[in-house]
Structure formats: C-alpha cells, structure tokens
Amino acid sequence: MSATTTAPAWNRVRQEPGWLARVFEIKIVLVLACLFPAVALLMTFLTYPLGLGIFLAFTDTTIGRSGQWVGLENFEYLLEDPLWWNAVFYSVFYTGVATFGKFALGLWLALLLNNNLPLKSLLRAIILLPWIVPTVLSAIAFWWIYDPQFSIISYLAVDVLGVRTTNIDFLGSAWPARWSLIAANIWRGIPFVAISLLAGLQTISPSLYEAALLDGSTGWQRFRYITFPMLLPILAIVMTFSIIFTFTDFQLVYAITRGGPVNSTHLLATLAFQRGIPGGQLGEGAAIAVSMIPFLVFATLFSYFGLARRKWQQGEGND
Amino acid sequence: MATVDIRNVMKAFGAVKVLHGVSVDIADGEFVVLVGPSGCGKSTLLRMLAGLENITAGEIAIGPRVVNNVPPKDRDIAMVFQNYALYPHMTVFENMAFSMKLAKAPREVMEAEVGRAAKILGLEALLQRYPRQLSGGQRQRVAMGRAIVRNPQVFLFDEPLSNLDAKLRVQMRAEIKELHQRLKVTTVYVTHDQIEAMTMADKIVVMNSGNVEQAGPPLELYDRPTNLFVAGFIGSPAMNLVKGGVGGGGFTAEGGAVLPLPEGASGKAGVYGIRPEHIQLRPDGIPATVVLVEPTGSETQVIARIGETSLTCAFRERVSARPGETIHIMPEMGLVHLFEAGSGRRLAA
Ligand SMILES: Nc1ncnc2c1ncn2[C@@H]1O[C@H](COP(=O)(O)OP(=O)(O)OP(=O)(O)O)[C@@H](O)[C@H]1O
Ligand SMILES: [Mg+2]
C-alpha cells in the first residue's frame, strides 16, 4: 500500500490586528500605558510621603492640629537641640563602625566561601539566615541576649567560664548600649555584604590568580593587587547600599533600646519617630527626618565617586 | 634556560585517570609542541609543568632539579594562557611589570625590561592602554611580553593562537617562532592544530587519551608515523588509510580495489596508508571515478573512488575532471605506509 499522504491544503492567514492592538501600535499610548502603573505606585508610596514629609518639616504641625508655615524655624531649633546633635553623632558613629565591621567580616567570609569548601551551598544558606529573619524578630533575640538578668553571654562568662563575677549590664548605660546595638547591626548586615561580595569574587577569572601565581605573588599580594582592585566596583555599590540602610536604621534600635538609656542611642530615624508620633510634634519630627538627607547624599556621592569610577572598566579612549 | 624531563608522569582527578605515564625529554632551548585531539591531556600536562596541578605519580625535572614539590613561583617558568589572563585593571605596562613589582624591583629596572620586551613585540605605543582597549592580537602580544619580561627558564604556551583569526594566526605563528630563535628559551607549546605543530616545532609530541603516541622531529612524524593514530593525525589533508589485506597481486582493499605494494612489503599488512600528496596522475595508473573536485589554487584536491574505496588525492597540477569522470592515479611506491591491522603499529618498510 502506498503510504504517501499529502498535507491538507491551507492558506497562510495574515492576522489582522484588533482595535486594541492597533491602539497600542501608537507609540505614545504604549509608552503612557506602560509607565502608568510604575509612576502611580511611585507617586503614591514614594513621592507623596516624601513631599509631605518635606512640607511638614517647614510647618509647626502637631498631631490633631494642622500647622502654620514656619519656614526654617524647626531647623534652627534643631541646631540648638543637644538631643539632635547627640543623634547625629550616634548615627554617624553607628554607621561608620557598623559598616567597617560588616565589610571586614563580610569580605573575610566571602573569601572563605569562595574557596572550594565541602558543603558550600549549605554554608551559604546558613550565612544568609540573619538576613532572612525579620529584623524585629532578631532584635527581640538580641534584646534577650542583652538582658541584664538572663543574658546568655553573661551566663557563659559568669557561670560557665567564670571570668566574671557579675552579670554584664549591656543596655543600662550609654556606651555599652551603643556598642551592643552596633554589634547587633553588624550581625544582621554581614550576610548582605558577604553574599554580594561573593558574587563579585566569582566573576574574577581563576586564570588571573594562576597568572599571578606564576608571576611570583604571595597570597596577600594576590589579594592586594588582584582581588581587591577587581572587587572595588562591587564593593562601592554594596557599600553605598549598606551605608544608606545603616544610617536610616530604625527597627533594631527601636526594638532593643527605644533610644535609651537617657536618649543616648537615638539614631536620627528613631528620634524623628519619637518626636513626631509619640511626642506629637509632627513638624519637628519631619524636620529631623529631612535633616538626614544631606548625610545620605554625601555618603552616596562619596562611595560612588570615590570608589566606583574605574577607567579600566569603562574602556574610554586613552589618547 | 634549562632542559625539561618528564618521567612517567601520571595524573588522576579523583578516580578519573587523565595521563597514564607520559615521558618526554626536552633539550635545552628546544621548541616542543604537544599536539593531540581535544581532551587528551595536553593542558593538564602543561599545567603540571607550571605547577598549577599537582603530580599524581612520576617526576618532572626542570634543569637538574625535580620540581614535583616546588611551588609555581619558584619554578622559573612563564606561561601564556589561552585566554591571555591579562589583569584587566592594569595597563599594558603594569601587566608586563607585575612580576617585577611583586619582587620590588626599582622603577628604572621595570622600565628598562618592559621597554626591551615591548620593543621586541612592537608594543611601545600601547603601554598605557588597558587590555580591553586592545585587539585580540595585541592582547596576545602583551601576554607574551609578560612572559618575556620574566626571563624564564622555560616558556609554556597553552593554545595561544586559538582565539585569533586565520590570518593573524599565521602571522603570530611566525612571530613566536622568530622570538624563539632570538631568545633560545626552552619552550613547550600546546596546540590541537597539527599545522601549527608542523611549522613551529623542533620536536612534536603527539598525545592521545593520556598517552604519548610518538615524539620526534616534524618530518620524521610525517615520513614515518609509528602507528595509525599518528598517521591519521599528522598531515593535512589526512593520510588515506585503507583497510584490507595482502593478496591478489598487491594490497586488496575491503572494497575490492587492488593497490600496488612496494617491493619487500610485509605480508602482515592490514592497513594501507598513502598521503593525498603522494598520489600521482599517471596514464598507466589505476582507473578511478571522480567524486568531488576542490581546487584550492596551489593544488587540486580530488576525492576519487576505486571500487568501493575512496581516496583523497592532492595534485599539484590543475585537474579539469568533473565528478563522474574517470582519472588514472598511482600511489608513489616509496611513500606507501603499511600498518598492522590489530595493533595499528607501523610495519618496517
Ligand atoms: N579539574 C578536572 N577535574 C576532572 N577532570 C578534568 C579536570 N581537568 C581536566 N579534566 C579532564 O582531563 C582530560 C584532559 O583535559 P585537558 O584539559 O588536559 O585536555 P586538552 O588536551 O587540553 O584538550 P583541549 O585541546 O580541548 O584543550 C579531559 O578529559 C578532562 O575532562
Ligand atoms: Mg587544553
């Protein structure tokens, strides 16, 4: 039997676009339609609150009473407010020390993880844990760790190791409280830094290390001349983000100390909240929040221009 | 400059054996090419020489010193990687001076040494550029410059030309060869391109799945391949290898064709080898049907069929035959290679 079958005859149909499709063919309609959701979201949740915050900073609004335009009065008042200066100092100190700690430890961890370790992916997952846990939860855990009576650190130091006779008072006075908060922030921030830097490390070709090995480098020299310069661009971006997150931190401090003892651990964000919501001085709180902006702009510009611009990446003509 | 002795070296990655006892002797100043199909272990052997892979068994000596446990930086070798491995964040000058910088050489020494190498390679105008501002060939030269500056005992090259286009490859081939003649540094060069091997080497080492098949000067490998693998690997277009047996007044191929045997040929021959360029057009030759004609200008390649046996021929003269027509061809008797069927070994002839 002959098995030849001929394909049934058919005509290629050219699809006629419907009216909707035709409307979207018009470029301006398409652009507006695509932009609308994003713009609407941004306007509602970003631009409006930001604008309102900045507006409030120039008024004497309190909760329950819409305020008067007072110009720069709030800011003039802040400049004479020791609590604000205190918060500025601690915000800068907190950000500086915590960023340094996070990067030192995060880079070290990333370098370790970049080696061929057994159970590498498991280790990476464990490292990410502090980042995954909601901040407030870990803050409560730290609150417990820093408890004057039930602190596990005190327990270890006093009862197990016997190196101290009294419990450590972590949060009872200014400097111990400040350092304790920084330690908590470092713990929480390491995963972000470590994982981002690990991603950066993995983009460095192993043959560069082999070439450097043959060129006679020591381990430190390879880090100093290959790893570090090649990591700088990523380091700059991660550092920018990290500084912004740390400077504007609220949750950890508010959950652990609420700015105490005696307002010694207020960050600008917690102080702004304290003044604005429980204190009711919305205008003043907003002014404190707005006063963070110059610091953030400065930090961003610094890490962006100081670290990110590298000629070898951009391939500009040299002559 | 130094000799290199590779003695019965083996390499295993875990349970996977990659090299099964490789021995190569390299004289001082010799240019040795390791050649073989992909995955045969060339790079692995080279990296073991460099100290980037450890040696599972056997011994490698550079000069009089066994280097099995010597770290790479103390072996006094320089390597050019296939991807060049230039430091992207350093200028050409910094790339080439890096080894001296690590050794804390004074600035004048660096400038003098880099200048010398740059002059040899024609890189003087590019010293302040970054690698990404260079073309492939220029990068290749910088990689070589970085090696030259080191003034090493041994140069290692791992397929340095495989990223270049055909024309540049020929040019760089000549440059590397010239460089070697100038510096006379012992060189081990890995390639899978047998033309590169033939044109550059003082000595070729043909490798196949972790074993050395034959080592010797290029023309010796071409004239007297010791086994079927080398016979098929060296030479382009590849040697015709026809299976069959002695009998019927010559060599009777499996396809039925009868090919003439040289005098005193061994009766054990199981494979008949003849290079395409050693087949001549002769009016009294064996009639063969043309299957394909490929003129390259300098020669004409013809695939012709005698019975069921296909032979590739390369004629110096222009051939006007068309597919389907008959030509008369004859192998040059002195240049026939005969091999044993089972082992593939060359039979003395
Ligand atoms: N790190 C490794 N782990 C396991 N097997 C490996 C490793 N490196 C190489 N091999 C194996 O060793 C064999 C030889 O590899 P090698 O890179 O030396 O080949 P090659 O001859 O250089 O090939 P090519 O011409 O493709 O570069 C291959 O089969 C490869 O799969
Ligand atoms: Mg290779």
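What you see is a predicted model, and the numbers here were worked out from it, not measured in a lab. (Residues numbered from 1 in each chain as written. Chains lettered and ligands numbered in written order. Predicted model: local features only at pLDDT ≥ 70, side-chain atom pairs only at ≥ 80, totals over all residues. Heavy atoms only, no water.)

A. Up close: the UniProt feature "domain: ABC transmembrane type-1" (unreviewed entry) in chain A. What UniProt calls "domain: ABC transmembrane type-1" (unreviewed entry) maps, in this numbering, to residues 88-305 of chain A. Secondary structure content for residues 88-305 of chain A is 76% helix and 0% strand, and the end C-alpha separation is 24 Å. (UniProt positions renumbered as here; feature names shortened; annotations may be inferred. Helix = DSSP H or I, 4+ residues; strand = E, 2+ residues; numbered from the N terminus.)

B. The domain arrangement of chain B, seen in detail. Residues and elements named next belong to chain B. Split into domains, chain B comes out as domain 1 (4-233) and domain 2 (240-348). Computed over C-alpha atoms only, the centres of domain 1 and domain 2 are separated by 38 Å. On the domain 2 side, the residues contacting the 10 residues of domain 1 number 10 residues. For domain 1, the biggest contributors to the area lost against domain 2 are Y222, P225 and L228; these three give 59% of the whole. At the boundary of domain 1 and domain 2, one finds 0 salt bridges. (Domains from an automatic or database assignment. Contact = heavy atoms within 4.5 Å. Buried area = accessible area lost by both parts, 1.4 Å probe. Salt bridge = Lys/Arg side-chain N within 4 Å of Asp/Glu carboxyl O.)

C. Representation of the layout of surface pockets. All names here are of chain A. Here the largest pocket is characterised by a volume of approximately 430 Å³. Surrounding the largest pocket, L111, N114, N115, N116, K120, L201, Q202, I204, P206, Y209, F223 and T227 form its lining. The set of elements that each furnish at least two residues to the lining of the largest pocket consists of α4 (82-114), α8 (174-202), α9 (206-214) and α10 (219-247). Across the lining of the largest pocket, the residue classes tally to 6 nonpolar, 5 polar and 1 charged. (1 Å grid on protein atoms, 1.4 Å probe; cavity = no way out; pocket = protein on both sides within 12 Å on 5 of 7 lines; lining within 4 Å. Points joined across faces, edges and corners; volume = space filled by probe spheres on them. Nonpolar A, V, L, I, M, F, W, Y, C, P; charged D, E, K, R; others polar.)

D. Representation of the site of ligand 1. All names here are of chain B. Neighbouring ligand 1 are the residues F13, V18, S38, G39, C40, G41, K42, S43, T44, E159 and H192. The contact in question runs from an oxygen atom of ligand 1 to an N or O atom on the side chain of E159, over 3.1 Å. Burial of ligand 1 by the surrounding chains reaches 58%, relative to a free accessible area of 630 Å². (Near = heavy atom within 4 Å. Polar contact = N/O pair within 3.5 Å; in protein donor to acceptor, adjacent residues only side chain to side chain. Areas by Shrake-Rupley, 256 points an atom, 1.4 Å probe, with all protein chains shown as cover.)

E. Examining helix α2 (residues 92-102) of chain B more closely. For α2(B), the buried fraction is high: 9 of the 11 residues fall into the buried class. When α2(B) is considered as a whole, its buried residues turn out to be B:V92, B:F93, B:N95, B:M96, B:A97, B:F98, B:S99, B:M100 and B:L102. Turning to α2(B), the residues buried within the fold contact α9 and α10 of chain A together with α3 (107-121) and α4 (136-150) of chain B. B:K104, located one to two residues past α2(B), shows a positive phi value of around 60°. (Buried < 20%, exposed > 50% of the residue type's maximum accessible area, 1.4 Å probe, protein only.)

F. Highlighting unusual backbone geometry. In this chain, B:S236 is followed by B:P237 through a cis amide linkage whose omega measures -5°. Turning to its location among the elements, B:P237 is positioned in the loop between α8 (228-233) and β11 (240-246). In this model, A:N263 sits at a positive phi of 60°, which is unusual for a non-glycine residue. The exposure class assigned to A:N263 is partly exposed, which follows from its relative accessible area of 28%. Residue B:K184 is not a glycine yet carries a positive backbone phi of 55°. Along the chain, B:K184 turns up in the loop between α5 (166-183) and β8 (186-191). We classify B:K184 as partly exposed; its relative accessible area is 48%.

G. Spotlight on the pairing of strand β10 (residues 211-216) of chain B. Residues and elements named next belong to chain B. Of the pairings in the sheet, the one linking strand β9 (residues 203-208) to β10 comprises 5 bridges and is antiparallel in character. Bridging from a neighbouring strand, M207 pairs with V212 of β10. Hairpin connection of β9 to β10: 2 residues between the antiparallel strands, including S209 at a positive phi of 35°. (Pairing = 2+ DSSP bridges.)

H. Focus on the interface of chain B and chain A. Contacts between the two partners involve 27 residues from chain B and, on the opposite side, 25 residues from chain A. Summed over both sides, the interface of chain B with chain A buries roughly 2,300 Å², with 62% coming from carbon and sulfur. On the surface where chain B and chain A come into contact, there are 2 salt bridges. In this structure, the salt-bridge partner of A:D215 is B:R150, at a minimum N-O distance of 3.4 Å. Summed over the shared surface of chain B and chain A, the result is 8 residue pairs in polar contact (both at pLDDT 80 or more).

I. Spatial organisation of the pattern of salt bridges. Residue and element names in this part refer to chain B. Here the structure, examined in full by the defined rule, presents 14 salt bridges over all chains. E53 serves as the salt-bridge partner of K11, at 3.9 Å between the closest nitrogen and oxygen. Pair noted here: K11 is in strand β1 (residues 4-13) and E53 is in the loop between α1 (42-50) and β4 (57-62), with a separation of 42 residues, a long-range link. In this pair, the class of K11 matches that of E53, namely buried.

J. Layout of the pairing of β1(B). Residue and element names in this part refer to chain B. With 5 bridges connecting them, β1 and β4 associate as antiparallel partners. Paired with R7 across the strands is E59, a residue of β4. In this structure, β1 lies alongside strand β2 (residues 16-26), joined through 8 bridges in antiparallel fashion. The residue bridging M10 from the neighbouring strand is H20, located in β2.

K. Representation of the UniProt feature "transmembrane region" (unreviewed entry) in chain A in the model. According to UniProt, the feature "transmembrane region" (unreviewed entry) maps to residues 28-48, 87-113, 125-146, 186-204, 225-247 and 286-307 of chain A in the numbering used here. Along residues 186-204 of chain A the backbone is 89% helical and 0% strand, and the end-to-end C-alpha distance reaches 26 Å.

L. Region of the structure containing the packing of α10(A) against α2(B). The N-to-C vectors of α10(A) and α2(B) enclose an angle of 150°; their axes lie 12 Å apart at closest approach. By the angle between their directions, the pair α10(A) and α2(B) is classed as roughly antiparallel. In the crossing of α10(A) with α2(B), the sense of the turn from one axis to the other is right-handed. Judged by residue contacts, A:Q221, A:Y225 and A:I226 of α10(A) engage B:F98, B:K101 and B:L102 from α2(B). (Axes fitted to C-alpha atoms, helices over the stretch in contact; angles between N-to-C directions. Parallel < 35°, antiparallel > 145°, perpendicular 65-115°, else oblique. Left-handed = near helix turned anticlockwise from the far one by under 90°.)

M. Layout of the side chain of A:S242. Mapped onto the secondary structure, A:S242 falls in helix α10. Overall, A:S242 belongs to the buried group, its relative accessible area being 3%.

N. Layout of the nonpolar core. Core analysis: the largest hydrophobic core is formed by 82 residues, its most contacted members being A:I256 and B:L156. With 11 residues, the top contributor of residues to this core is α8(A). When near neighbours in sequence (up to four residues on either side) are disregarded, A:I256 contacts A:A139, A:F142, A:W143, A:Y146, A:L171, A:L181 and A:A184. Core analysis: the second largest hydrophobic core is formed by 47 residues, B:V35, B:L123, B:A147 and B:I204 among them. (Core = buried A, V, L, I, M, F, W, Y, C linked by side-chain atoms within 4.5 Å.)

O. Representation of α1(B). Residues and elements named next belong to chain B. For α1, a buried count of 8 out of 9 residues is recorded, marking the element as mostly surrounded by other parts of the structure. By the burial criterion, the buried members of α1 are K42, T44, L45, L46, R47, M48, L49 and A50. Downstream of α1 by a residue or two, G51 has a phi angle that is positive, lying close to 95°.

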